[in-house]
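Analysis of the macromolecular model
Spelled out, the chains give:
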Amino acid sequence: MRPEFKIFSRIIKAINSPSKGIDEVLHIIMVNISELIQAEAWSLFILDEEKRELVFHEVFGEKAEKLKGMRIPMDKGIVGWVATNKKPVIVDDVYKDKRFFKEVDKKSRFKTKSILAVPMISRGKLVGVVEVINKKDGKPFTKGDLEIIKTYVEQAALALENANLLKNLKQKIDYLTLLSRINRNITSILDFKLLLNRSAEIIRKTFGYHYVCIGLKRGKKVILQGFSTAEGLPPRRTVIYEGEGIVGEAIRLKKPVVVQDVSKETRYLPGIEGTLSEMVIPIKKKGQLLGIIDIGNNYSDSFKNEEIEVITQVSHQLAVAIENAKLYEKIKESTLKDDLTGFYNSRYTEGPLKDLVNEAVKEGHPVSLIFLDLDHFKWVNDSFDHLVGSYTLRLVANRLKRYIKDVGIGVRYGGDEYMIILPGMNLKEAVEFAEFLRKKLNGRRFKISKNTRYRISASFGVSSMPEVAGSVEELIRTADIAMYKVKELGRNNTAYFDKERRIRLVNDWKDRI
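Below you will find a few notes about this structure. Keep in mind that this is a model prediction, so the values were computed, not measured.

Criteria and cut-off values
Residues numbered from 1 in each chain as written. Predicted model: local features only at pLDDT ≥ 70, side-chain atom pairs only at ≥ 80, totals over all residues. Heavy atoms only, no water. Helix = DSSP H or I, 4+ residues; strand = E, 2+ residues; numbered from the N terminus. Contact = heavy atoms within 4.5 Å. Areas by Shrake-Rupley, 256 points an atom, 1.4 Å probe, with all protein chains shown as cover. Pairing = 2+ DSSP bridges. Axes fitted to C-alpha atoms, helices over the stretch in contact; angles between N-to-C directions. Buried < 20%, exposed > 50% of the residue type's maximum accessible area, 1.4 Å probe, protein only. Lys, Arg positive; Asp, Glu negative; His and termini not counted. Salt bridge = Lys/Arg side-chain N within 4 Å of Asp/Glu carboxyl O. Polar contact = N/O pair within 3.5 Å; in protein donor to acceptor, adjacent residues only side chain to side chain. 1 Å grid on protein atoms, 1.4 Å probe; cavity = no way out; pocket = protein on both sides within 12 Å on 5 of 7 lines; lining within 4 Å. Points joined across faces, edges and corners; volume = space filled by probe spheres on them. Nonpolar A, V, L, I, M, F, W, Y, C, P; charged D, E, K, R; others polar. Parallel < 35°, antiparallel > 145°, perpendicular 65-115°, else oblique. Phe/Tyr/Trp six-rings, centres within 6.5 Å; stacked < 30°, edge-to-face > 60°. Lys NZ or Arg CZ within 6 Å of the ring centre and 35° of its normal.

Quick notes on the overall build of the chain
When you go through the chain residue by residue, the secondary structure sums to 14 helices and 20 strands. Contacts in the chain between residues far apart in sequence, at least 24 positions, make up 57% of those at least 6 positions apart. Surface summary for the chain: the accessible area is close to 26,300 Å², and the carbon and sulfur share equals 50%.

Concerning the sheet that holds strand β20 (residues 503–505)
Taken together, the 6 strands give an open sheet; going across it, the order is β14-β15-β13-β18-β19-β20, and neighbouring strands pair in mixed fashion. This sheet does not close on itself; its edge strands, each paired only once, are β14 (409–414) and β20. Strand after strand, the sheet turns through a mean of 20 degrees between neighbouring axes, direction not considered. Sheet topology note: the strand β18 (residues 458–465)/strand β19 (residues 494–497) ladder contains 3 bridges and is parallel.

Considering the side chain of R399
Counting through the fold element by element, R399 comes out in helix α12 (residues 386–404). Among buried Asp, Glu, Lys and Arg side chains, R399 stands out as unpaired, with D375 the closest opposite charge at 13 Å. Within the structure, R399 has its side chain in polar contact with the backbone oxygen of R444 (distance 2.7 Å). Beyond its immediate chain neighbours, meaning those up to four positions away, R399 contacts K440, L441, R444, R445 and F446.

Section: empty space enclosed by the protein
Under the defined criterion, the tally for this structure stands at 2 cavities of 30 Å³ or more. Of the voids in this model, the largest cavity is the one considered here, and its volume is about 240 Å³. Forming the boundary of the largest cavity are 25 residues, of which F56, V104, T112, E131 and I133 lie nearest the centre. Among the elements of the structure, β1 (39–48), β2 (53–61), α3 (64–67), α4 (77–85), α5 (103–108) and β6 (125–135) are those that each provide at least two residues to the lining of the largest cavity. Broken down by element, the residue count for the lining of the largest cavity peaks at 4 residues, all from β2. In the lining of the largest cavity, the residues fall into 16 nonpolar, 5 polar and 4 charged. Forming the boundary of the second largest cavity are 19 residues, of which R237, I240, G271, E278 and D294 lie nearest the centre. Secondary-structure elements contributing two or more residues to the lining of the second largest cavity are β7 (211–218) and α8 (245–253). In the lining of the second largest cavity, the residues fall into 11 nonpolar, 3 polar and 5 charged.

Thoughts on the packing of helix α10 (residues 352–362) against helix α14 (residues 472–489)
Contact pair α10 / α14: the axes reach a minimum separation of 10 Å and the direction vectors enclose 105 degrees. In terms of orientation, α10 and α14 fall into the roughly perpendicular class. Listed contacts from α14 to L353, K354 and V357 of α10 are V472, E473 and I476. For the contact of α10 with α14, a count of residues per class yields 4 nonpolar, no polar and 2 charged.

As for unusual backbone geometry
A cis amide bond links M465 to the next residue, P466, at an omega of 10 degrees. Here P466 lies in the loop between β18 and α14. Even without being a glycine, K286 presents a positive backbone phi close to 55 degrees. Examined against the element boundaries, K286 turns out to sit in the loop between β11 (277–285) and β12 (288–297). By relative accessible area, which is 82% here, K286 ends up exposed. Even without being a glycine, R491 presents a positive backbone phi close to 75 degrees. Following the sequence through the fold, R491 ends up in the loop between α14 and β19.

Points about the packing of aromatic side chains
Scanning all chains against the criterion turns up 11 aromatic pairs. Between F433 and F436, the ring centres sit 5.9 Å apart and the planes meet at 25 degrees, which makes this aromatic pair stacked. Pair noted here: F433 and F436 are both in helix α13 (residues 427–443), with a separation of 3 residues, about one helical turn. Relative accessible area serves as the criterion here: at 11%, F433 is assigned to the buried category. Judged by relative accessible area, which is 35%, F436 ranks as partly exposed. Here the aromatic residues F207, Y209 and F303 are joined through ring pairs into a cluster of three or more. The ring of W81 carries the charged tip of R99 above its face, separated from the ring centre by 4.7 Å.

Re the pattern of salt bridges
Inspection of every chain in the model, using the stated rule, returns 27 salt bridges. In this structure, the salt-bridge partner of R99 is D97, at a minimum N-O distance of 2.7 Å. R99 gets classed as partly exposed once you look at its relative accessible area, which sits at 26%. What makes D97 buried here is its relative accessible area of 16%. K264 serves as the salt-bridge partner of D261, at 3.9 Å between the closest nitrogen and oxygen. Note on K264: relative accessible area 70%, which makes it exposed.

What about the side chain of S277?
Looking at the secondary structure, you find S277 in strand β11. Side-chain polar atoms of S277 contact the side chain of S302, separated by 2.6 Å. In this structure, S277 is in contact with V259, Q260, V262, I295, G296, N297, Y299, S300, D301, S302 and F303, ignoring residues within four places of it in sequence.

Observations concerning the environment of F377
Secondary-structure assignment places F377 in helix α11 (residues 377–383). A C-alpha to C-alpha distance of 9.4 Å links F377 and T392, two positions 15 residues apart in sequence.

Encoded structure:
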């Protein structure tokens, strides 16, 4: 059997072998066809369609290791001309050819004299180029050499195109699986924190990203709330304003922003350690920006067009889930609100308060609580009627709101009892604030009817966690006990449990207003 038939048989066998990957097949093809034409160097370039570059994929010859992975723009060199024009070429003296790209020789310190280059075309589509350099006998390449190479290059092109089709099919299946998983996992989640964290985790693990953060829009800023990172790395910031960094740019434009190399991007602000490329996809519903998906990788040039499209589809699903969660939160919020005062009702202490306190304690922050009860309020109801009484309760709540809006959370615990929850305040600060509220409440009369103005005072009890109380129940109970101690001793004062769990009054009675 003639040598070329043996080689052709080996190549066909490699192409049809189910156990061999595309890299192995291409290597076998290049090794075998190199036996037909004795040359100093061979190269197989693969086309990167997105970047319009040719990548050294297989390199044979003295300086092979220096070239593997190197990229050549399609508008450079003889090989670039072959790729662009989809035509083979023989160049006997490269230094007489204006197309010759000298940078490759400079990097490899190899001297190119003559070139034979053939495009790899399958089904009319360019997939790469095979280049042969310098015949060992010093003679020029012939048309016969060209025809031999073309025969085997066609097989290599077919193998590569089939592999790409299989890869694309698998990728599409992976993408569809991702969309299905996200749809299955997130559409029924109504808790915001769980929704965002679960979504971030699914996206990161499916694509193998370095990190995924999901943030929700609040005015002209985004607050990052859902996180998944490969090594548990925390973000440097959780609040990002419009126009600030790559995320801020996506907020401003309401469009995807993709940066393949952050070292070349002036807008980039360091976030999670090790990030070399970043992609931000807006989450929108009917043109309205709801938030963003911020994705980073620890290597450059990492995002493909298909990924951008898929993550955009994910953002649409996430937008629906976020809207559902918002609606649920509104309904849930309405069950926690007191219709009369606009404060939370006592149900707030059963769930949300525990969550708030547990989160604060976990982060090492104190939480204090003021329990206050209006003094002699029964007189208002008895002297006027319950409508005036209800109106008075609303007036009291409105005055309290004016002073607690930036520091605390108001709760109407029942009847004429109120709670003020103070995240981040220690016991001393909370006692001082209680005194401030007591004086503001009692300092100016309330107009409770057309012709009646009435001065209202209240008894205040204060406790704090973890200084005094060890649980939410104990926090409420100790503040309540301190408040009733004020009632017992004459009203219109502030009492608190100290660190030794003794009740202390703030004022002597002569100092009271």
